[in-house]
There are 2 protein chains.
Amino acid sequence: MTTRNDCLALDAQDSLAPLRDQFALPEGVIYLDGNSLGARPVAALERARAVIAQEWGDGLIRSWNSAGWRDLPQRLGDRLAGLIGAGEGEVVITDTTSINLFKVLGAALRVQATRAPERRVIVSESSNFPTDLYIAEGLMDLLQQGYSLRLVDSPQALAQAIDQDVAVVMLTHVNYKTGYMHDMQATTTLIHECGALAVWDLAHSAGAVPVDLRQAGADYAIGCTYKYLNGGPGSQAFVWVSPQLCDLVTQPLSGWFGHARQFDMASGYEPSRGIARYLCGTQPITSLAMVECGLDIFAQTDMASLRRKSLALTDLFIALVEERCAAHDLKLITPREHARRGSHVSFEHPQGYAVIQALIAQGVIGDYREPRIMRFGFTPLYTSFTEVFDAVQILGDILDQKTWAHAQFQVRHSVT
Amino acid sequence: MTTRNDCLALDAQDSLAPLRDQFALPEGVIYLDGNSLGARPVAALERARAVIAQEWGDGLIRSWNSAGWRDLPQRLGDRLAGLIGAGEGEVVITDTTSINLFKVLGAALRVQATRAPERRVIVSESSNFPTDLYIAEGLMDLLQQGYSLRLVDSPQALAQAIDQDVAVVMLTHVNYKTGYMHDMQATTTLIHECGALAVWDLAHSAGAVPVDLRQAGADYAIGCTYKYLNGGPGSQAFVWVSPQLCDLVTQPLSGWFGHARQFDMASGYEPSRGIARYLCGTQPITSLAMVECGLDIFAQTDMASLRRKSLALTDLFIALVEERCAAHDLKLITPREHARRGSHVSFEHPQGYAVIQALIAQGVIGDYREPRIMRFGFTPLYTSFTEVFDAVQILGDILDQKTWAHAQFQVRHSVT
């Protein structure tokens, strides 16, 4: 059995441990929800102050040029690119994941409309993150061109679902509930063999697991920066398009920031070459600028090191929960196999919502997802082995003592 | 002739003058570009600090509930509503103006597709802000349903252009170049009489001129908060939909924040009732939160008072320029008629770009728009009469001395 002292020893040996000092985490909290909202880099406060006081307050409109606001989506995209196996000039950070999905899905369907117009099916998973399905639904409803969504209930059912009717396969690389991670390369190959295009949502992957979009031969990718990348609440999302596809079509949200010569103010739209055509409107700059503070921390390590620690943390958590909470009705729904596991671990419990509320009340912050899922994110940049140990003891106590049954933990909040 | 002492006297009598203290404007700058990026409310820095340090840093994921992040687009929308004649629960602040235009245009076409499917024309102005035209173009290209854009070259040509083929008329209330202001009520009536729907872009109107969307009978409106509303660089845009139309159709960017029960995580999209269905994805919270600081200042006055001062400022500017710069090749392109004038004034000059650069070098910040247009915004919350006087003297000196001819003022920046 792993003891707390063992965990202290693991922390002492952890070469990533010093990076935690670059995050401002509150006292008395074990934060296992960096998969939902990343912790605050210490530097973010000063960065925002500089943007607000100097760039906005003093620089005023001049800062679009002098402070580099105009090119911030591209500049930050270049800094993020290495974390997902993208090249320079291939990523922009802009808008939201939902909006960016609409752009790439619209573009992918447009590419397929020229290559294989008979293909009118979008394949995804019923367990995909809901907004991805909603966006696909909205696009199909708008188009009224006979598109339909074909949802599979398990990753294993994908191969059979992808046939000659399929235009696009839209998958989230790491499932938001279970933490199941697709084999991006094998799945993309399968998709391409069937003549479809692959859209990958990296919301739970970027900064969490190694991703190599180019190596995998992916076509489109989107994802968010406010989870593992620690960009700040609701910070802008990213979008990547394979250079082979990028200039083939115009994406449907063709706003002025995507124009080849924005300030010519021409009345007709002419897209920029490259990923800049995926820009649309003016970005909230203060929030966008803080994304860099998270990326600065990633620049001090590498995804292979982060992955090693991530797996060690999730292995430890699973082992400790199964030991300490063996008497309780917990069901692991996250793959044990490393190659299929992201950086969060989920257990089902009949009182999952209330257990999570009881944990939060004791300073262990995880989150809850319908139905019955208790979700715990492990972020190697700032989560320690000892925290994992302590969190499991608190979870065990809550289950043993049925603390979750208190009325206060049954109240539903609007955001779970 | 109005003297500088006259202007000092006007400032001394100006009941709005004390509001300037709530803005952090740099020394040595006369800021006449609040129509492009509003000045910084002093309070914005502290608001951002609280969001970053407390709400994000300490509250972490809990702040979606405890700090009210989830409902911030609605709460701020309610605070903005009064400035544009909208009711409570009718406005959200979210995404960008371009994105919001896509939503309302998509919705408007969908409404018309049920009411009058033969109508396939969108009317706008060739001088409309380019991104509005680009977005319409992108939507039409996406739909492939025979829609086309009919552009008129002057407001006077609108009446003839709106016929039984027209589904939607999409206009910017105050023209970004000329400052021409449409009669919203009369134009909306005209649009409705022809069976079309009216989409109003209030980018240069909200906080600049009195707007009464309900009184005018408007159908849809969008606009930005980073200009006259002083929300901060790239701060989120707003969207309003007439309650008579709002629940008729789903807007096309149907992301999870617009879902009736977001955290049920249902796989099918079901729109919220009311304006919340115009939400889509997770918003950059720090930037969004600062919008409130600008609105707080508006709450201390009213649009009628602001309009009186705005017209006094623009009247003064026009009179002084025409007097002081009479020897130069300046052409006023802003209406002299109060009822047709927004809150900025534009003059054409053959060397407009270089003149603006020379002005900026001397601390007078206006901006330039193709072709030849020098644009000066007047924001009654913080622009003084004396500043107008001083700015005109500097402009006169630059023109007299041909300072604009220096090589440094000929260099084109990416953002003009």
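Predicted model only: the values in this text are computed from it and were never measured. (Residues numbered from 1 in each chain as written. Chains lettered and ligands numbered in written order. Predicted model: local features only at pLDDT ≥ 70, side-chain atom pairs only at ≥ 80, totals over all residues. Heavy atoms only, no water.)

Across a sheet, strands are paired by hydrogen bonds formed along the backbone, either parallel or antiparallel in direction. Residue and element names in this part refer to chain A. As summarised here, the arrangement of the 7 strands in space is S2-S8-S7-S6-S5-S3-S4, forming an open sheet in which the pairing is mixed. The open sheet has two free edges, formed respectively by strand S2 (91–93) and strand S4 (148–152), since each of these has just one partner strand. Within the sheet, the average angular offset between the axes of one strand and its neighbour, ignoring direction, is 20°. In this fold helix H6 (residues 130–143) packs onto strand S3 (121–125), S4, strand S5 (166–172) and strand S6 (197–201), with an angle of close to 155° to the strand it touches most, S4. (Pairing = 2+ DSSP bridges. Helix = DSSP H or I, 4+ residues; strand = E, 2+ residues; numbered from the N terminus. Axes fitted to C-alpha atoms, helices over the stretch in contact; angles between N-to-C directions. Contact = heavy atoms within 4.5 Å.)

Another aspect to go through is the pattern of salt bridges. Scanning the entire structure with this criterion turns up 46 salt bridges over all chains. With a shortest N-O distance of 3.4 Å, B:Asp247 and B:Arg277 are connected by a salt bridge. One end of the pair, B:Asp247, is in the loop between helix H10 (243–246) and helix H11 (285–298); the other, B:Arg277, is in the loop between H10 and H11, with 30 residues separating them in the sequence. Salt bridges sharing common partners tie together A:Arg75, A:Arg79, A:Glu292 and A:Asp296. (Salt bridge = Lys/Arg side-chain N within 4 Å of Asp/Glu carboxyl O.)

With that out of the way, let us pick up the nonpolar core. With 236 residues, the main nonpolar core has A:Ile84, A:Tyr220, A:Tyr278, B:Ile84, B:Tyr220 and B:Tyr278 as its most contacted residues. Look past the residues within four positions of B:Tyr278 in its chain and what remains in contact with it is B:Val92, B:Thr94, B:Lys103, B:Val104, B:Ala107, B:Tyr220, B:Val239, B:Val241, B:Cys246 and B:Gln251. Within the second largest apolar cluster, 37 residues are counted, among which are A:Leu313, A:Leu320, A:Cys325 and A:Met374. (Core = buried A, V, L, I, M, F, W, Y, C linked by side-chain atoms within 4.5 Å. Buried < 20%, exposed > 50% of the residue type's maximum accessible area, 1.4 Å probe, protein only.)

Opposite the 88 residues of chain B that make contact, chain A presents 88 residues. Both sides of the chain B and chain A interface together cover about 7,400 Å² of buried area, and 69% of this is carbon and sulfur. Taken together, the links from chain B to chain A amount to 0 salt bridges. Counting the contacts that link chain B with chain A gives 25 residue pairs in polar contact (both at pLDDT 80 or more). Within the residue set of the side of chain B that touches chain A, elements represented by two or more residues are helix H2 (43–58), helix H3 (63–66), helix H5 (97–115), helix H6 (130–143) and H11 of chain B. Counting residues per element, the side of chain B that touches chain A draws most heavily on H6(B), which supplies 11 residues. Per-class residue counts for the side of chain B that touches chain A are 45 nonpolar, 30 polar and 13 charged. (Buried area = accessible area lost by both parts, 1.4 Å probe. Polar contact = N/O pair within 3.5 Å; in protein donor to acceptor, adjacent residues only side chain to side chain. Nonpolar A, V, L, I, M, F, W, Y, C, P; charged D, E, K, R; others polar.)

Turning to the relation of the copies chain B and chain A, a few remarks are in order. Aligned on chain A, chain B shows an RMSD of 0.0 Å; the corresponding rotation is 180° and the shift along the axis is 0.0 Å. These values place the two chain copies in the arrangement generated by a two-fold rotation axis. A shared interface surface links the copies, since 100% of the contact residues of chain B are contact residues in chain A too. (Least-squares fit on C-alpha atoms with pLDDT ≥ 70 in both.)

Our focus in this paragraph is the sheet that holds strand S10 (residues 344–348) of chain B. Residues and elements named next belong to chain B. With antiparallel pairing, 4 strands are arranged side by side in an open sheet as S9-S10-S13-S12. What marks the edges here is a single partner per strand, and that holds for strand S9 (331–332) and strand S12 (367–369). With 2 bridges joining them, S9 and S10 adopt antiparallel strand pairing. The residue of S10 that forms the bridge with Leu332 is Phe347. Relative to strand S13 (residues 373–377), helix H13 (residues 352–361) is tilted by about 40°, and along the sheet it contacts S12 and S13.

Residues and elements named next belong to chain A. It is at 9 Å that the axes of helix H12 (residues 303–324) and helix H14 (residues 385–401) come closest, and there the two elements cross at 25°. Judged by the angle between their axes, H12 and H14 are roughly parallel. Crossing geometry of H12 relative to H14 is assigned as right-handed. Residues Lys309, Ala312, Leu313, Leu316, Phe317, Leu320, Val321 and Arg324 of H12 pack against Phe385, Val388, Phe389, Val392, Gln393, Leu395, Gly396, Asp397 and Asp400 of H14. Per-class residue counts for the contact of H12 with H14 are 11 nonpolar, 2 polar and 4 charged. (Parallel < 35°, antiparallel > 145°, perpendicular 65-115°, else oblique. Left-handed = near helix turned anticlockwise from the far one by under 90°.)

Here we come to the confidence of the model for chain A. Per-chain confidence: chain A averages 97 in pLDDT, with 100% of residues scoring 70 or above. The ipTM, which scores confidence in the relative placement of chains, is 0.97 for this predicted complex, and the corresponding pTM is 0.98. (pLDDT = per-residue confidence, 0-100.)

Moving on, we get to the domain arrangement of chain A. Residue and element names in this part refer to chain A. Examined at the domain level, chain A breaks down into domain 1 (4–31 + 302–409) and domain 2 (48–299). Contact with domain 1, which involves 28 residues of that partner, is made by 20 residues of domain 2. Together domain 1 and domain 2 conceal approximately 1,900 Å² of surface at their shared face, both sides included; 63% is due to carbon and sulfur atoms. When the buried area of domain 1 at its contact with domain 2 is split by residue, Met303, Arg340 and His344 rank highest and sum to 32% of it. Taken together, domain 1 and domain 2 are joined by 0 salt bridges. Where domain 1 touches domain 2, the interface holds 9 residue pairs in polar contact (both at pLDDT 80 or more). Only H12, strand S10 (344–348) and strand S13 (373–377) provide two or more residues apiece to the side of domain 1 that touches domain 2. Take the side of domain 1 that touches domain 2: its biggest share by element is 4 residues, from H12. Its residues placed into classes, the side of domain 1 that touches domain 2 shows 12 nonpolar, 9 polar and 7 charged. (Domains from an automatic or database assignment.)

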